[in-house]
Amino acid sequence: MATDYTGTPASMIALMQASRQRLAHKVTIDGTDRSDNVISINREWSWGQACQVCTLELTTSAGGYSPDSKVEVWEGYNDGIYKTFTGMVDVIEQSGPPYVLKLRCRDMLKRVVDNFLADNSDETFKTPYHTFNNIQAETAIQWLLDNSYAHTWTTASDITYSLATSSYTVGNPTSHTGESGYAGYDVNLMSAMDVVNEISKSVSFYMLAWQRKIYWATYNTASTAIITENAPGWNFTNNDSYGDIIKVNSKTASDERLRNKIVVYGYGGLKPSVPYDPTYGIYEQDSAYRPAGYRQTAIVTSLMYDTQGLVDWAANDIYTKLSIATEYISLTVLGNPIVRLGDPANVVITNAGELNTNALYYIYGLRTHMGVNPASYTTQVTLSKNNGGQ
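The notes below deal with the structure included here. (Residues numbered from 1 in each chain as written. Predicted model: local features only at pLDDT ≥ 70, side-chain atom pairs only at ≥ 80, totals over all residues. Heavy atoms only, no water.)

### Looking at the overall build of the protein
For step 1, the next point in the chain: When its secondary structure is counted, the protein shows 5 helices and 25 strands.
For step 2, the next point in the chain: When the 390 residues of the protein are sorted by exposure, 50% land in the buried category.
For step 3, the next point in the chain: At a minimum sequence separation of 6, the contacts of the protein that also span at least 24 residues come to 69%.
For step 4, the next point in the chain: If you sum the accessible surface of the protein, you get close to 17800 Å²; carbon and sulfur atoms cover 48% of it. (Helix = DSSP H or I, 4+ residues; strand = E, 2+ residues; numbered from the N terminus. Buried < 20%, exposed > 50% of the residue type's maximum accessible area, 1.4 Å probe, protein only. Contact = heavy atoms within 4.5 Å. Areas by Shrake-Rupley, 256 points an atom, 1.4 Å probe, with all protein chains shown as cover.)

### Examining the nonpolar core
For step 1, the next point in the chain: Membership of the largest hydrophobic core comes to 44 residues, with the highest contact counts inside it found for L109, V170 and I199.
For step 2, the next point in the chain: Of all the secondary structure elements, the ones that give two or more residues to this core are α3 (137–147), β14 (185–187), α4 (192–203), β16 (205–210), β17 (213–218), β20 (261–265), β21 (297–301) and α5 (308–322).
For step 3, the next point in the chain: Broken down by element, the residue count for this core peaks at 7 residues, all from α5.
For step 4, the next point in the chain: Those residues in contact with V170, other than ones at most four positions away along the chain, are F132, N133, N134, I135, A137, A140, Y185, I199 and M304.
For step 5, the next point in the chain: In terms of nonpolar packing, the next biggest core, distinct from the first, is built from 29 residues, W47, Y206, L341 and A345 among them. (Core = buried A, V, L, I, M, F, W, Y, C linked by side-chain atoms within 4.5 Å.)

### What about the sheet that holds β16?
For step 1, the next point in the chain: The strand order β12-β17-β16 describes an open sheet built from 3 strands, whose pairing is mixed. Edge positions in the sheet fall to β12 (160–163) and β16, since each of these pairs with one other strand and no more. For this sheet, the mean inter-axis angle between neighbouring strands, taken without regard to orientation, is 15°. (Pairing = 2+ DSSP bridges. Axes fitted to C-alpha atoms, helices over the stretch in contact; angles between N-to-C directions.)

### Remarks on the pattern of salt bridges
For step 1, the next point in the chain: Scanning the entire structure with this criterion turns up 13 salt bridges.
For step 2, the next point in the chain: Between K83 and E72 there is a salt bridge, and its shortest N-O distance comes to 3.0 Å. Of this pair, K83 sits in strand β7 (residues 80–95) while E72 sits in strand β6 (residues 70–77), and the two are 11 residues apart along the sequence. E72 matches K83 in its accessibility class, with the two residues each being buried.
For step 3, the next point in the chain: In this structure, the salt-bridge partner of R340 is D343, at a minimum N-O distance of 3.8 Å. Summarising the burial analysis for this pair, R340 and D343 share the class buried. (Salt bridge = Lys/Arg side-chain N within 4 Å of Asp/Glu carboxyl O.)

### With respect to the packing of α3 against α4
For step 1, the next point in the chain: Two elements in contact, α3 and α4, have axes whose closest approach is 10 Å; the angle formed by their N-to-C orientations is 165°. The orientation of α3 with respect to α4, classified from their angle, is roughly antiparallel. Our pair here, α3 against α4, has a crossing hand that is left-handed. Here α3 contributes A137, A140, I141 and L144 to the contact with α4, which in turn contributes A192, V195, V196 and I199.
For step 2, the next point in the chain: Partitioning the contact of α3 with α4 into residue classes produces 8 nonpolar, no polar and no charged. (Parallel < 35°, antiparallel > 145°, perpendicular 65-115°, else oblique. Left-handed = near helix turned anticlockwise from the far one by under 90°. Nonpolar A, V, L, I, M, F, W, Y, C, P; charged D, E, K, R; others polar.)

### A look at the packing of aromatic side chains
For step 1, the next point in the chain: This structure, assessed with the given rule, holds 9 aromatic pairs.
For step 2, the next point in the chain: The rings of W45, Y82 and W210 are connected pair by pair, giving a single aromatic cluster. (Phe/Tyr/Trp six-rings, centres within 6.5 Å; stacked < 30°, edge-to-face > 60°.)

### A closer look at α3
For step 1, the next point in the chain: For α3, the full list of buried residues reads A137, E138, A140, I141, L144 and L145. Along the axis of α3, the buried residues cluster in a sector spanning 160°; they form a single face.
For step 2, the next point in the chain: Trailing α3 by a residue or two, Y149 shows a phi angle of about 60°, which is positive. (Arc of directions from axis to C-beta.)

### Observations concerning α4
For step 1, the next point in the chain: For α4, built from 12 residues, the straight-helix expectation of 16 Å at 1.5 Å per residue is met to within 8% by its first-to-last C-alpha distance of 17 Å.
For step 2, the next point in the chain: In terms of residue burial, α4 counts as a mostly covered element, since 9 of its 12 residues are buried.
For step 3, the next point in the chain: By the burial criterion, the buried members of α4 are A192, M193, V195, V196, E198, I199, S200, S202 and V203.
For step 4, the next point in the chain: Note on α4: the residue one or two positions beyond its end, S204, has a positive phi of about 60°. (Expected span 1.5 Å × (residues − 1).)

### Description of the side chain of S40
For step 1, the next point in the chain: Assignment of secondary structure puts S40 in strand β4 (residues 38–46).
For step 2, the next point in the chain: A polar side-chain atom of S40 sits 3.2 Å from a polar atom in the side chain of N42.
For step 3, the next point in the chain: Among the polar contacts listed, one links the side chain of S40 to the side chain of E57, at a separation of 2.7 Å.
For step 4, the next point in the chain: With near-sequence residues (within four places) excluded, S40 lies in contact with T55, L56, E57, H369, M370 and G371. (Polar contact = N/O pair within 3.5 Å; in protein donor to acceptor, adjacent residues only side chain to side chain.)

### So, the side chain of E138
For step 1, the next point in the chain: Along the polypeptide, E138 turns up in helix α3.
For step 2, the next point in the chain: Apart from the residues lying within four places of it in its own chain, the contact partners of E138 are L163, A164, T165, S166 and W216.

Next up, the structure:
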């Protein structure tokens, strides 16, 4: 049995490039090793979904599971395997013939997504489930994770957090001076993930889970990634003797998301006060992709935007993300157990006509398939050229 890999990304890449290469995997369900029952491992992960999804196909002799059974998956090569998934079963599907057991699983953030916050102390549901009053954003995030039991695997400390420090205070009473009865930001009739997203967009942070850790941090440059441990920078190319790229699937440029006028409404009707002041950025301007004077508007609202400075910052931040056309490239590469969302990647494609490129991209989404019999291992990566596509 392969051993749990603890080396560097560079040494894992060496395993991937080994001349005598064999696939290796490990799957445990509720602590029991079920590797011998595995037919295939399929993982999907992108910025467009709250959780990484892993679908396992097993021989039916590996039964006896239930929703919320705990699943861990390792993938790799030769004598090195790397943990690629930690989560719980959502759906159990049995089919046949041929008889196959299919387990659909989500990572630990599924508990945050599924945790609906509602106070039922009265029939009107007007009583807040919880109120954040003058609390740092990262502390509020930890409360939401803990309340969702996202930290609990088999014990209360199995899943750890890496929460970056922010300068934002949730429910700051100084923002509401003179407002009678203000007690903070009320949470009610929404999922914990909805609240996480509201807080996150107020500081331009992002959340994801990897292995046994939940990350919450900013993500805006090639040198700033959410997951910082052993953060690799990838080089995908089709023009050398090794060549990670198996196939160039597509290259897409689109202006469907482009917006060059940003309207923000905050708490109490706050709006950007100086939309043309370069101190805060320009919130509307002509676009290279549109006729002069033509505007496409995005409207953003949040009760979290409760100060003038925060509203002005939000308008500038959102404008920066939406005022450009997006470019994506889809590649099928050799199965890669350590590629992650947000990783930077230099992509060099030659001799492919209009698909040629030589530029820095960011991992926006990935879909990995490992087949055991017959053996196969590929990763389809979608990369964004524009700041991770956020």
